[in-house]
Amino acid sequence: MKLLLLVILFIIFFPIVKMWMLMRRARRNVEDIFNRTRQYEQEVAADEKRFPKGVGEYADYEEVRGVSRPETEASGPIEHEEQVVDADFEEI
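Nothing here was measured: the structure is a model prediction, and the numbers come from that model.

Reading guide: rules and limits
- Residues numbered from 1 in each chain as written.
- Predicted model: local features only at pLDDT ≥ 70, side-chain atom pairs only at ≥ 80, totals over all residues.
- Heavy atoms only, no water.
- Helix = DSSP H or I, 4+ residues; strand = E, 2+ residues; numbered from the N terminus.
- Buried < 20%, exposed > 50% of the residue type's maximum accessible area, 1.4 Å probe, protein only.
- Areas by Shrake-Rupley, 256 points an atom, 1.4 Å probe, with all protein chains shown as cover.
- Patch = residues over 30% accessible without salt bridge, like charges linked within 9 Å, V, L, I, M, F, W, Y side chains within 5 Å.
- Salt bridge = Lys/Arg side-chain N within 4 Å of Asp/Glu carboxyl O.
- Phe/Tyr/Trp six-rings, centres within 6.5 Å; stacked < 30°, edge-to-face > 60°.
- pLDDT = per-residue confidence, 0-100.

Before going further, it helps to spend a moment on the overall build of the protein. Helix and strand counts for the protein come out as one helix and two strands. Counted from the first residue to the last, the protein has its helices and strands arranged as α-β-β. Among the 92 residues that make up the protein, the fraction classed as buried is 1%. A total of about 10,800 Å² of accessible surface is found on the protein, and carbon and sulfur atoms cover 58% of it.

Written as structure tokens, this is what we have:
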């Protein structure tokens, strides 16, 4: 009678324990994936902060007063080329 009871308990509890172990393993795998993703995002964020915030945000400039003139080369003024126009559409 005791042996039969042990066999029945084994038949009932073995799948339950096996399922619990599978769920625990799956939970650990998901946690590992989230931890790796979080670590990668922190590394990327650390790489983006190489320069302090105040560096390079404001450029000082001076306005040049006067008339703008066309650029010239050593041989004379630059020639303006005609714009390229698409070919006419023809049905085949």
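Quick look at a nonpolar patch on the surface now. Together, Leu4, Leu5, Leu6, Ile8, Leu9, Ile12, Phe13, Ile16, Val17, Trp20 and Met21 make up a nonpolar patch on the protein surface, roughly 1,100 Å² of accessible area in all. Position of methionine 21 relative to the elements: it lies in helix α1 (residues 2-48). Look at methionine 21 and you get partly exposed, because its relative accessible area is 43%.

Where two aromatic rings form a pair, the distance of their centres and the angle of their planes describe that pair. With the rule as written, the count across this model stands at one aromatic pair. Ring plane angle 25° and centroid distance 5.3 Å describe the contact between phenylalanine 10 and phenylalanine 14, whose orientation is recorded as stacked. In this pair, phenylalanine 10 and phenylalanine 14 both sit in helix α1, four residues apart, roughly one turn of the helix.

In the predicted model, the protein carries a mean pLDDT of 78, and the fraction of residues at 70 or more is 64%. The weakest mean pLDDT in the protein belongs to strand β1 (residues 72-73) at 54; the strongest belongs to α1 at 90.

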